[in-house]
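Below, each chain spelled out in residue letters.
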Amino acid sequence: MERKLLTKDSYRSLITKLIGQNYQVVAPVKKDTMIDFLKISSFDEITEDYIVTVSSAKTVAFPRNEKLFDYEKQNKKLTQQDYDFDSIPQSVLIGVRPCDAFGFHSLSSIFCWDSIDKIYTTRLERTTIIGLSCNKSDDYCFCTSTKGSPGSTAGSDILLTKMTDGNYIVEIVTEKGAKLVADFSDLFTADGGVDKESLLAKVAANFNVDDVLAKINSKFEDEAFWTEQAMRCIGCGACAYVCPTCACFDIQDESHGGKGHRVRCWESCGLSLFTLHTSGHNPRENQGQRWRQRLMHKFSYMPDRLNTIGCVGCGRCSRACPVDMNIAEHCMSIIEN
Amino acid sequence: METQNIYLPYIMQIEKVSEDAPFVKTFRLKFINPEDAESFSFKTGQFGEYSVAGVGESTFCIASSPTRKGYIECTFRKAGRVTTALSDLEEGNTIGFRGPYGNVFPIDEWKGKNLLFIAGGIALPPMRSVIWNCLDLRENFKDITILYGAKSVADLVYKHELREWDERPDVKLVTTVDPGGETHDWTGEVGFVPTILDKMAPKAENTIAIVCGPPIMIKYTFPILEKCGFADEMVYTTLENRMKCGFGKCGRCNVGKTYVCKDGPVFSLKQLKQMPDEY
Amino acid sequence: MNNLQQKAQQLLESGNYGLIVGYEKGTSGKARPVFIRKAEHASKLIFDESCDQNIAVYLYRQEIKHDKKKVIVANHHTLKSIVELAAENQVFDGDFMVLAFAGNGDIIELNTFEEIEKHVATLYHGLTEAEAAMMKKIEDMSLEDRWAFWENEFSKCIKCYACRASCPMCYCPTCTVEINQPQWISVPSHTLGNLEWHVMRAMHLAGRCVTCGQCGKACPLELPIQLLTYKVALDSKQFFDSVAGTSICADNALAIFKPEDHENFIR
Ligand SMILES: Cc1cc2nc3c(=O)[nH]c(=O)nc-3n(C[C@H](O)[C@H](O)[C@H](O)COP(=O)(O)OP(=O)(O)OC[C@H]3O[C@@H](n4cnc5c(N)ncnc54)[C@H](O)[C@@H]3O)c2cc1C
Ligand code: SF4
Ligand code: SF4
Ligand code: SF4
Ligand code: SF4
Ligand code: FES
């Protein structure tokens, strides 16, 4: 993989120029008490003081609300205004951790399963992902158990690794990344050959996700196991909403007078009404069954049907969970039980 | 309609509304755009998302046969938000439709076989599409038997078509209503569908059974078919799980790893038995 | 083994109790709810400052609601919620035993609602200093600033409903946000829809919020959402002399009419 060097000053110039050229630049920003991905208008808004952001980078391609099209009703007639694909901006997403970057792979596998969700794919196509290797981790991180690593390039177009002098090692991963580097070639200099590995956080691999994959199908019928595993879970949407690979959504209409739009918005398999039929019948009527769906989807259905694992080990769900459902622990319980 | 947007519906005009039973209506829908009518095609068993702008979308199967071109029909029961809004519409109104989605009844594989249709209540619509499809290709099949039951005489849907089927010499129609649901002039059977089926004791040899109905009816019908000697792969049914997208993305219709919107809604009993109890 | 662990072990070994709902050590020094069914697991239990979470929601959880041999380890938030849930007939006398703590750390067994109510009377019911300061900061804002403050907060809400799910008083089987005929509150999480949802929730908690702050603690986006229900709680106290979580037979401000009630807000 081609490597270059980007000094911290050049990094500032790069971002400033991108903003100047009307790219939508999205970066981790400290907003009030937390750090999240937000659109920035100046380099100084960026922070690097985070393990991972609260929400995942998926919002760039799969925002929490997406207007699918507009409509108007007059008398008996309905007219529709199709989604304006031209309105999707060219974006640069920076500060994306390797786990998050890899999450796009899983997400894309869902949005491209047979029928292509062009809104999603166009958003992603128009986004250049500049990853940032992790130099620190916390108790929630487990990327190394799910085939990732703190310096993995998979999913990023360019991966930056911060060196002790504050400058960055640049790894050019994709053609899109190469194009961006070429467009601003004067900012990138020759690679100094610094050892990247030594700069990375050490994340212990406490389990191997393949063992979860191998075991989980045989656990489906074990109701008692899932009930016990999910006793703490109070059934909210937090874990799914912050997860880089969760794609579940609802479709809703919003209107004022005769005008309105149809919206695709996040939903979660943890919510009790998610699968409720109008008749009152609910195929997943208790939290154990809903928690099972969450884990089975990630570690059985997605691997089986989409050939990808539905978890990149970012630990976001566990950080966001109001009752500390730590997904890595649950994975280990599956292996052990 | 030139679009890359998989969520954008076709605009359809309600050409005809018929009230089939209390709270049950059938719409005949025509494409507003002639090119859409031209390019649209579907197969029997498939479904779509019907929408009222400002209210939302709702999942129904296409109740008409693909052999009847130029329109599609849907039959729905007024149950919740969208179906209530749909019920309030009249001929001439326009609604949204996107589809077709899902798999199909494998009628090509059924050539030369006897067909036994067993339906209960509002579940006749998915069946109606395949019944008409097979009747329109009548020479492809041997005996065709239809057993249809509802709570009461009033709840029987498609009454005029039931009459039509009854009058056809090449169809054997048996209608039944639940005990207590009969009127004084009722000439059909009285009893639950599984009971009547048991009485009919259909021959399993070279016969495909297609079963659609409320879960409780399905539950009691399968054992009787089994008793009559129907192999699991000769019995078909449809599943209804809550849906939003219809194309395998919104994540709520799956039964284990099977996505009802993509792998279904049509399943053989053999497939169903391999699926976990999550429907 | 500390006192609590010993106590739990005894209770489970006695056979009179089969389940202890309490706290254990979670990830990164956080405490989290735990369900102990075997005496040999009693050593998992902890009770310290980290055990700040209100865990009363579990008392009416489907899986254990009807289990009468359960014990709950209750901090003062949980205790107040139990009293309010008792007043609203959501939990029933004799369905569980409470292990609470005296000022000196001694374990107190509370077996009846009356005992719980008496114990709760000894607890402090006001806001913490930090909370009071936040409330004051917002109250002191101009109308425009206050609007801007909440608009900024509501813009962050992703409508994950973690606040609602962890609130013991949000027990409605179908929440108003889920009623779609008519659709009172828009489903997508935009600023306006979020505002509608949170104002609705705060009103529904009027005189019922025990000011435990659990909704705010649960929020992954760190919205200080508890301040809304606090405001309504403080107003309930000021105008209707109603303080949630203090009496097992209280009727909350919105559920009862008294001739002397203030009506000057009706215009
Ligand atoms: C493959 C398939 C075919 C169907 N065919 C028919 C048919 O031909 N005729 C008919 O009357 N009904 C049919 N149904 C059921 C029908 O979709 C629901 O009754 C209808 O969606 C209720 O919508 P509502 O907005 O009126 O109710 P609400 O309760 O207001 O609906 C809220 C939401 O829940 C969803 N929903 C609720 N129950 C169901 C359900 N059982 N299945 C799918 N989605 C649900 C809807 O998408 C809707 O967005 C079918 C369902 C499926 C999955
Ligand atoms: S399931 Fe949890 S740890 Fe896995 S990718 Fe999603 S948020 Fe991250
Ligand atoms: S089914 Fe659950 S785990 Fe899977 S994408 Fe949806 S919310 Fe996430
Ligand atoms: S695991 Fe946690 S975040 Fe997810 S639904 Fe359960 S309580 Fe909510
Ligand atoms: S927990 Fe926070 S983000 Fe979730 S619905 Fe409540 S206020 Fe909104
Ligand atoms: S209906 Fe959306 S995944 Fe099946």
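Everything numeric in this text was worked out from a predicted model, so none of it was measured. (Residues numbered from 1 in each chain as written. Chains lettered and ligands numbered in written order. Predicted model: local features only at pLDDT ≥ 70, side-chain atom pairs only at ≥ 80, totals over all residues. Heavy atoms only, no water.)

Caption draft 1: How the structure looks around the overall build of chain A. Check the secondary structure of chain A and you find ten helices and twelve strands. Over its C-alpha atoms chain A spans a radius of gyration of 21 Å, differing by no more than 12% from the 20 Å that the globule rule assigns to 337 residues. Each principal axis of the C-alpha distribution contributes one length, and for chain A these read about 65 × 65 × 40 Å. A total of 337 residues make up chain A; the buried ones form 61% of that total. Considering only contacts within chain A whose residues lie at least 6 apart along the sequence, 72% involve residues at least 24 apart. As displayed, chain A offers around 12800 Å² of accessible surface, 48% of which is attributable to carbon and sulfur atoms. The distance from the centre of the 39 positive side-chain charges to the centre of the 44 negative ones in chain A is 3 Å. (Helix = DSSP H or I, 4+ residues; strand = E, 2+ residues; numbered from the N terminus. Rg over C-alpha atoms; globule rule 2.2 N^0.38 Å. Buried < 20%, exposed > 50% of the residue type's maximum accessible area, 1.4 Å probe, protein only. Contact = heavy atoms within 4.5 Å. Areas by Shrake-Rupley, 256 points an atom, 1.4 Å probe, with all protein chains shown as cover. Lys, Arg positive; Asp, Glu negative; His and termini not counted. Charge placed at Lys NZ, Arg CZ, Asp CG, Glu CD.)

Caption draft 2: Quick peek at the packing of aromatic side chains. In total, this model carries 37 aromatic pairs over all chains according to the counting rule given. Residues phenylalanine 149 of chain C and tryptophan 150 of chain C carry aromatic rings whose centres are separated by 5.1 Å and whose planes lie at 85 degrees to one another, so their mutual orientation is edge-to-face. Across the pair, tryptophan 150 of chain C and phenylalanine 149 of chain C agree in class, each one buried. Positioned above the aromatic ring of tyrosine 158 of chain B is the side chain of arginine 128 of chain B, whose terminal nitrogen or guanidinium carbon lies 4.4 Å from the ring centre. For arginine 164 of chain C, the ring lying beneath its charged end belongs to tyrosine 161 of chain C, and the centroid distance is 4.2 Å. (Phe/Tyr/Trp six-rings, centres within 6.5 Å; stacked < 30°, edge-to-face > 60°. Lys NZ or Arg CZ within 6 Å of the ring centre and 35° of its normal.)

Caption draft 3: Inspection of the site of ligand 2 at higher detail. Residues and elements named next belong to chain A. Not every one of the 13 residues close to ligand 2 is listed here, only the nearest: Cys243, Cys311, Cys314, Gly315 and Cys317. Elements supplying a minimum of two residues to the shell around ligand 2: helix 8 (287–306) and helix 9 (316–320). Looking at the shell around ligand 2, its residues break down into eight nonpolar, two polar and three charged. (Near = heavy atom within 4 Å. Nonpolar A, V, L, I, M, F, W, Y, C, P; charged D, E, K, R; others polar.)

Caption draft 4: Representation of the interface of chain B and chain A in the model. Counting residues at the interface gives 48 residues for chain B and 51 residues for chain A. Of the roughly 4000 Å² buried between chain B and chain A on both sides combined, carbon and sulfur atoms contribute 50%. Contact with chain A buries surface across chain B, with Tyr7, Lys249 and Lys257 of chain B losing the most and accounting together for 18% of the total. Between the two partners, chain B and chain A, sit eight salt bridges. Salt-bridge contacts for aspartate 263 of chain B lead to arginine 305 of chain A; the nearest nitrogen and oxygen are separated by 2.7 Å. Elements with a contribution of two residues or more to the side of chain B that touches chain A: strand 1 (10–21), strand 3 (47–52), strand 4 (56–61), strand 6 (94–101), strand 14 (258–259) and helix 7 (260–263) of chain B. If one sorts the elements of the side of chain B that touches chain A by residue count, strand 6 of chain B sits on top with four residues. Looking at the side of chain B that touches chain A, its residues break down into 16 nonpolar, 18 polar and 14 charged. (Buried area = accessible area lost by both parts, 1.4 Å probe. Salt bridge = Lys/Arg side-chain N within 4 Å of Asp/Glu carboxyl O.)

Caption draft 5: Region of the structure containing the site of ligand 4. For ligand 4, the full set of nearby residues is Cys233, Ile234, Gly235, Cys236, Ala238, Cys239, Trp291, Cys321, Pro322, Val323 and Met325 of chain A. Looking at side-chain class alone, the shell around ligand 4 contains ten nonpolar, one polar and no charged residues.

Caption draft 6: Looking closely at the sheet that holds strand 12 (residues 259–266) of chain A. All names here are of chain A. Pairing is antiparallel in the open sheet, where four strands are placed in the order 5-4-12-11. Because the sheet does not close on itself, it has two edges, and the strands there are strand 5 (77–81) and strand 11 (249–256). Within this sheet the neighbouring strands show an average axis-to-axis angle of 25 degrees, counted without direction. Direction of pairing for strand 11 relative to strand 12: antiparallel, over a ladder of eight bridges. (Pairing = 2+ DSSP bridges. Axes fitted to C-alpha atoms, helices over the stretch in contact; angles between N-to-C directions.)

Caption draft 7: Structural context of the pairing of strand 1 of chain B. Residue and element names in this part refer to chain B. The pairing of strand 1 with strand 6 spans four bridges and is antiparallel. In the sheet register, methionine 12 faces strand 6, and the bridge partner there is isoleucine 95. Here eight bridges tie strand 1 to strand 2 (residues 24–31), and the two strands are oriented antiparallel to one another. From the neighbouring strand, valine 17 faces strand 2, where its bridge partner is phenylalanine 27. Hairpin connection from strand 1 to strand 2: two residues lie between these consecutive antiparallel strands, with phenylalanine 23 at a positive phi of about 70 degrees.

Caption draft 8: View of the packing of helix 2 (residues 98–111) of chain A against helix 8 of chain A. All names here are of chain A. Following both chains from N to C, one finds helix 2 and helix 8 inclined at 60 degrees, their axes separated by 11 Å at the closest point. On the basis of their axis angle, the class for helix 2 and helix 8 is oblique. Considering only the axes of helix 2 and helix 8, their crossing is left-handed. Contacts from Ser106, Ser109 and Ile110 of helix 2 reach helix 8 at His297, Met302 and Leu306. Partitioning the contact of helix 2 with helix 8 into residue classes produces three nonpolar, three polar and no charged. (Parallel < 35°, antiparallel > 145°, perpendicular 65-115°, else oblique. Left-handed = near helix turned anticlockwise from the far one by under 90°.)

Caption draft 9: The arrangement of the side chain of aspartate 20 of chain B in detail. Residue and element names in this part refer to chain B. Residue placement: aspartate 20 occurs in strand 1. Buried aspartate 20, no salt bridge; nearest opposite-charge side chain is lysine 159, N-O distance 7.3 Å. Engagement of the side chain of aspartate 20 in a polar contact is seen with the side chain of threonine 26, the distance being 2.3 Å. Residue contacts for aspartate 20: discarding those within four places in its chain leaves Lys25, Thr26, Thr75, Ala154, Leu156, Val157, Tyr158, Lys159 and His160. (Polar contact = N/O pair within 3.5 Å; in protein donor to acceptor, adjacent residues only side chain to side chain.)

Caption draft 10: Structural context of the sheet that holds strand 10 (residues 189–190) of chain A. Residues and elements named next belong to chain A. Strand order in the open sheet formed by eight strands is 3-2-6-7-8-9-1-10, and the pairing between neighbours is mixed. Each edge of the open sheet carries a strand with a single partner, namely strand 3 (34–39) and strand 10. Relative to strand 9 (residues 168–172), strand 8 (residues 158–162) runs antiparallel, the two sharing five bridges. Directly across from isoleucine 158, in strand 9, lies its bridge partner isoleucine 172. Strands in contact with helix 1 (residues 8–20) are strand 1 (2–6), strand 2 (24–31), strand 6 (91–96), strand 8 and strand 9; relative to strand 1, the strand with the most contacts, it is inclined by about 95 degrees.

Caption draft 11: Structural context of the domain arrangement of chain B. Residues and elements named next belong to chain B. For chain B, the assigned domains read domain 1 (10–101) and domain 2 (107–238). On a C-alpha basis, the centres of domain 1 and domain 2 stand 24 Å from each other. Opposite the 20 residues of domain 1 that make contact, domain 2 presents 17 residues. Across the domain 1 to domain 2 interface the summed buried area is about 1400 Å²; carbon plus sulfur atoms make up 53%. The largest contributions to the domain 1 side of the interface with domain 2 come from Asp20, Thr44 and Arg68, which together make up 31% of the buried area. Here domain 1 and domain 2 share two salt bridges between them. (Domains from an automatic or database assignment.)

Caption draft 12: How the structure looks around helix 4 (residues 175–183) of chain A. All names here are of chain A. Within helix 4, the full set of buried residues consists of Gly177, Leu180 and Val181. Axial view of helix 4: buried residues confined to an arc of 100 degrees, hence all on one face. Along helix 4, the residues that are exposed and aim more than 90 degrees away from the buried face are Glu175 and Lys179. Tucked inside the fold, the buried residues of helix 4 contact strand 1, helix 1, strand 6, strand 7 (127–132), strand 8 and strand 9. (Arc of directions from axis to C-beta.)

Caption draft 13: Spatial organisation of the pattern of salt bridges. Overall, the coordinates contain 52 salt bridges over all chains when judged by the stated rule. Here arginine 37 of chain C and glutamate 228 of chain A are joined by a salt bridge, their closest N and O atoms 2.7 Å apart. Taken together, the positions of arginine 37 of chain C in the loop between strand 2 (31–36) and strand 3 (45–46) and glutamate 228 of chain A in helix 6 (residues 223–229) put the pair across two chains.

Caption draft 14: How the structure looks around helix 6 (residues 215–227) of chain B. Residues and elements named next belong to chain B. Over its 13 residues, helix 6 extends 19 Å from the first C-alpha to the last, a length consistent with the 18 Å expected when each residue adds 1.5 Å. If you check which residues of helix 6 are buried, you get Met217, Ile218, Thr221, Phe222, Ile224 and Leu225. Looking at the buried positions of helix 6, the neighbouring elements they touch are strand 7 (114–120), helix 5 (193–200), strand 11 (207–212), strand 12 (235–238) and helix 8 (269–274). Looking one or two residues beyond helix 6, the residue adopting positive phi is glycine 229, at roughly 100 degrees. (Expected span 1.5 Å × (residues − 1).)

Caption draft 15: Expanded view of the environment of threonine 75 of chain B. Residues and elements named next belong to chain B. Within the fold, threonine 75 resides in strand 5 (residues 72–77). Put simply, threonine 75 and isoleucine 62 are 13 residues apart on the chain and 8.1 Å apart in space, counted from C-alpha to C-alpha. Apart from the residues within four sequence positions on either side, threonine 75 is in contact with Asp20, Val24, Lys25, Thr26, Ala63, Ile122, Pro125 and Tyr158. A distance of 2.7 Å separates a polar atom in the side chain of threonine 75 from a polar atom in the side chain of threonine 26. Of the polar contacts made by the side chain of threonine 75, one reaches the side chain of tyrosine 158; its length is 2.5 Å.

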